[in-house]
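Each chain, written out:
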Amino acid sequence: MNRFLILLILLPCTLQAKRFSIKSPDKTIQLTLELTNGHLSYKLTKDNRLLIDHSGLGINTTKADFKTFKYVKHSTQSENKTWQPVWEQFNEINNHYNQLSIHLSDRSDKKNQMCFRVRVFNDGIGFRYELLNANRKTVKITNETTEYAFTAPVAGYSPNGESIPIGPNLRSIERLKTPFVMDNHLGYAIAIHEADLVNYSYMNLHKKASNRLAIGISPSTVSIPFKTPWRTIQVTKDLGQLVTSSLILNLNPPCNRSNFSWVKSGMATNECRLWGAKLENGFRYGKNQETFKRLIEFAQSNRLEYIMVDSGWYGNQWDKESDPLTPRQMNDSKTAASFYHGDAKEIDKLRGIIDMPALIDYGKAHSVGVIIYTNDLLRRNHGMAYLEKVFATYQKWGAKGIKYGFMREKDPQKKVQITRSIIQLCAKYHLLVNFHDGPVHPTGERRTYPNIITREFGHAQFDGAKTFTASGFLRTIFVNGVAGPIDYMNGFFDIESNAVKDRFQVREQLQSTVVAEAARTLIGSYGLTVLSDHDAAYNKKADLFQFIKACKGNWDETIVLEAQMGRLATFARREDNKWYIASHVSEAGAHITIPLHFLSDGKHHATIFTDGNRTSFIRNREKYKAKKQTVTPQTELQFKVPPGGGVCIIID
């Protein structure tokens, strides 16, 4: 196999070597590049401490399109601008970096040219290969040779599909997904990921030695000129700063805000976990028009922006004959009984044909938008043109967005291409999009297309098949959550009766407390928060529900006050003049202190929710207490939080 562009290996320094060095704006991070005999390597320091030693860079192709390069020129550039996102964790984001661009040409063929571009921020770096010209119009990239030679053994955490992130012991693991997070590497939190992923295979990491990782991709055929995704290395003092970093966002192209004025973050209710739930007044939730109208009325009364109609509304989602444009009866009772482990006769009583245009009109009359499920089987059977016809019809009906499920493309580059096409189609027809079921990981594209409101990058809690444990949740937010917002679907209030016997979609008992559930909605979600419990549960705990209702996904400011992988998270988010604080602990429980130094001067009114006496994630889970307290910026609140429990605070 031939080396493409720059084959980067560790070589001894010679007289032919050229060195380039660039620092972050605050001068705490320094990237050094060395070009020796046409080969390039890099090293990275933070606070004058070497974190990554000489590491190779490069790309392989099937043909010798590019050979050894020689230096042509280099240039530097700086940017320091602030931009306003459509929705985010902050109302303003600073894009401040120093940039180095090194232009190279092939020693034997000047037509083969590239630019290696790197940007250094105060909290990390991003670099990419830009193929500028070649003897061929297309190139098949078979792999990258980008490496990370850390100066200490690698221990960290990797996303693990719909299971809890793996780590920190990686001795038996050869392949890792990104973002790969090291929460204490020589005193720093470090994350390896990518940004601006377009028309290219998503990346994985392979262990080459105890201290060395290398990028792995599936073959990708690209047209020249071409820019690879940015390879990102975030370096911060703690995990909390990784989660609030805007580095990945800043490496994506901006959008024209006026083109996305229709995008609105918010909160939605969802019926999946409700199916079969019985209320005291005799009402039983189903997958039928009556249930969805009830959810719309509940959303209106609580000023929630959306309801989400999940799978099955246009027939069995796995039936090739099912079509959103000609909806049929809900999943046949036999199929549903097998899938949901319920009684077919009982299920049959609780399903019905959904008149989606009428339901959307009902939502409009109540100022509630409708987000509707679409299975990728539709595209696979009928093609992208037909999917566009469906989206155009959704817009005509007045739908606000889609939940997109089960895109089972085996080829990574094709999956990335399809994902981008669906996002673009949804933008064209003014639809939000929420990807579920093994989506491509987030790479900051929400800056370019803010209609990509969230995705299930992990495993949503709503179906109960792999319910988040407290420690599992506290890993996921500090690993998967580094990439962007995730549709966790937390916020359950009816926990004690949340049993398999009544609800067909529930597979196991929820391991949480009601205060912890409220805390998870603030800690884990922004953009779109999706709730899956019933209106009676929320109405019964209306005071605590006030906290959840604030989590509309568009914040003015976010601070992570405490971040311990798998053990503890305390987040503070501000909207206008109100602060909302949430803390969640693992099954071990914890004594925690919450400082309020970020408040403005003077006295403030705090409403504090804590778990009740003898409460934990396995007993008395719905017991909680509420109290009022006057606080100042000098106040430090102290709590003994029970196993798997939480604390929620509203300050105005």
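Below: a short report on this structure.

Criteria and cut-off values
Residues numbered from 1 in each chain as written. Predicted model: local features only at pLDDT ≥ 70, side-chain atom pairs only at ≥ 80, totals over all residues. Heavy atoms only, no water. Helix = DSSP H or I, 4+ residues; strand = E, 2+ residues; numbered from the N terminus. Rg over C-alpha atoms; globule rule 2.2 N^0.38 Å. Buried < 20%, exposed > 50% of the residue type's maximum accessible area, 1.4 Å probe, protein only. Contact = heavy atoms within 4.5 Å. Areas by Shrake-Rupley, 256 points an atom, 1.4 Å probe, with all protein chains shown as cover. Pairing = 2+ DSSP bridges. Axes fitted to C-alpha atoms, helices over the stretch in contact; angles between N-to-C directions. Salt bridge = Lys/Arg side-chain N within 4 Å of Asp/Glu carboxyl O. 1 Å grid on protein atoms, 1.4 Å probe; cavity = no way out; pocket = protein on both sides within 12 Å on 5 of 7 lines; lining within 4 Å. Points joined across faces, edges and corners; volume = space filled by probe spheres on them. Nonpolar A, V, L, I, M, F, W, Y, C, P; charged D, E, K, R; others polar. Parallel < 35°, antiparallel > 145°, perpendicular 65-115°, else oblique. Left-handed = near helix turned anticlockwise from the far one by under 90°. Polar contact = N/O pair within 3.5 Å; in protein donor to acceptor, adjacent residues only side chain to side chain. Core = buried A, V, L, I, M, F, W, Y, C linked by side-chain atoms within 4.5 Å.

Next up on the list: the overall build of the protein chain. Within the protein chain, the regular secondary structure consists of 13 helices and 37 strands. Rg of the C-alpha trace for the protein chain: 26 Å, near the compact-globule value of 26 Å for 652 residues, within the 12% margin. Here the protein chain holds 652 residues, and the buried ones make up 62% of them. Of all intrachain contacts in the protein chain linking residues separated by at least 6 positions in sequence, the fraction that spans at least 24 positions is 71%. Surface accessibility of the protein chain: about 24,700 Å² in total, with carbon and sulfur atoms responsible for 46%.

Turning next to the sheet that holds strand S34 (residues 604-611). Strand order across the open sheet formed by six strands is S30-S31-S32-S37-S34-S35, with antiparallel pairing between neighbours. Unpaired on one side and paired on the other, strand S30 (557-564) and strand S35 (624-631) mark the two borders of the sheet. Sheet twist, expressed as the mean angle between neighbouring strand axes with direction ignored, is 15°. Where strand S32 (residues 578-585) and strand S37 (residues 646-651) come together, six bridges link them in antiparallel fashion. Looking at the pairing, His 584 lines up with Gly 646 of S37. Against the sheet, helix H10 (residues 470-479) makes contact with S30, strand S31 (568-575) and S32, and its axis sits at roughly 55° relative to S31, the strand it touches most.

What follows is about H10. Counting buried residues along H10, eight of its 10 residues qualify, which places the element largely inside the surrounding structure. Along H10, the positions that sit buried rather than exposed are Ala 470, Gly 472, Phe 473, Leu 474, Thr 476, Ile 477, Phe 478 and Val 479.

Before going further, it helps to examine the pattern of salt bridges. One pass over the structure, following the stated rule, counts 23 salt bridges. Glu 130 is the partner of Arg 117 in a salt bridge, and the nearest nitrogen-oxygen pair spans 2.7 Å. Here Arg 117, found in strand S9 (residues 113-121), pairs with Glu 130, found in strand S10 (residues 124-133); they are 13 residues apart in sequence, far enough to count as distant. Accessibility classification places Arg 117 together with Glu 130 in one group, the buried group.

A few words on empty space enclosed by the protein. Taken as a whole, this structure holds five cavities of 30 Å³ or more when the rule is applied. The space that makes up the largest cavity amounts to roughly 100 Å³. Ser 245, Leu 249, Arg 446, Val 482 and Tyr 526 are the residues nearest the centre of the largest cavity, which is lined by 17 residues in total. Secondary structure elements with two or more residues in the lining of the largest cavity: helix H1 (239-244) and helix H2 (247-250). The element best represented in the lining of the largest cavity is H2, accounting for three residues. Each residue belonging to the lining of the largest cavity can be placed in one class, and the counts come to eight nonpolar, seven polar and two charged.

Let us look at unusual backbone geometry. A cis amide bond links Gly 167 to the next residue, Pro 168, at an omega of 0°. Tracing the chain through its elements places Pro 168 in the loop between strand S14 (163-166) and strand S15 (175-176). Looking along the chain, the bond that leaves Ile 224 and enters Pro 225 is cis, with omega of 5°. You can see Pro 225 is positioned in the loop between strand S20 (220-223) and strand S21 (226-227).

For the pair helix H8 (residues 384-397) and helix H9 (residues 412-428), interaxial distance at closest approach is 9 Å and the crossing angle is 30°. The orientation of H8 with respect to H9, classified from their angle, is roughly parallel. The handedness of the crossing between H8 and H9 is right-handed. Contact residues: H8 offers Met 384, Leu 387, Glu 388, Phe 391 and Gln 395, while H9 offers Ile 418, Ser 421, Ile 422, Leu 425, Cys 426 and Lys 428.

A few words now on the pairing of strand S17 (residues 188-195). Most of S17 sits inside the fold, with eight of its eight residues counted as buried. Burial along S17 is two-sided: the face carrying Tyr 188, Ile 190, Ile 192 and Glu 194 and the face carrying Ala 189, Ala 191, His 193 and Ala 195 are both buried. Sheet analysis places strand S16 (residues 180-185) next to S17, joined by four bridges and oriented antiparallel. Residue pairing for S17: His 185 is matched across the bridge by Tyr 188. Connecting S16 to the next strand, S17, in antiparallel fashion are two residues, including Leu 186 with a positive phi near 55°. Two elements, S17 and strand S22 (residues 230-236), share seven bridges in a ladder whose sense is antiparallel.

A few words on the side chain of Glu 88. Relative to the elements of secondary structure, Glu 88 occurs in the loop between strand S7 (69-83) and strand S8 (93-106). For Glu 88, the side chain forms a polar contact with the side chain of Arg 446, separated by 2.4 Å. Discounting residues that sit within four places of it in the chain, Glu 88 has contacts with Ile 93, Leu 249, Arg 446, Tyr 526, Gly 553, Asn 554 and Trp 555.

Within a beta sheet, neighbouring strands are joined by backbone hydrogen bonds and run either parallel or antiparallel to one another. Across the sheet, eight strands lie side by side as S2-S3-S4-S5-S12-S19-S18-S15; this open sheet has antiparallel pairing. Bordering the open sheet on either side are strand S2 (18-23) and S15, each of which pairs with just one other strand. Direction of pairing for strand S18 (residues 204-209) relative to strand S19 (residues 212-216): antiparallel, over a ladder of five bridges. The partner of Lys 207 across the bridge, within S19, is Leu 213.

Among the nonpolar cores identified, the biggest contains 109 residues, and Trp 313, Met 356, Phe 391, Tyr 394 and Ile 422 are the most heavily contacted of them. Ranked by size, the runner-up nonpolar core spans 52 residues in total, among them Ile 29, Ile 102, Tyr 148 and Leu 170.

Among the eight residues in S34, seven count as buried, and that is most of the element. Summarising the sheet, S34 and S35 pair through eight bridges and their orientation is antiparallel. By the bridge assignment, Phe 609 is partnered in S35 with Ala 626. Pairing geometry for S34 and S37, over five bridges, is antiparallel. Bridge assignment links Ile 608 to a residue of S37, and that residue is Ile 649.

Looking now at the environment of Ala 17. Examined against the element boundaries, Ala 17 turns out to sit in the loop between strand S1 (2-4) and S2. Measuring from C-alpha to C-alpha, the distance between Ala 17 and Leu 40 comes to 9.5 Å, with 23 residues separating the pair along the chain. Excluding residues within four positions of it along the chain, Ala 17 makes contact with Glu 34, Leu 35 and Thr 36.

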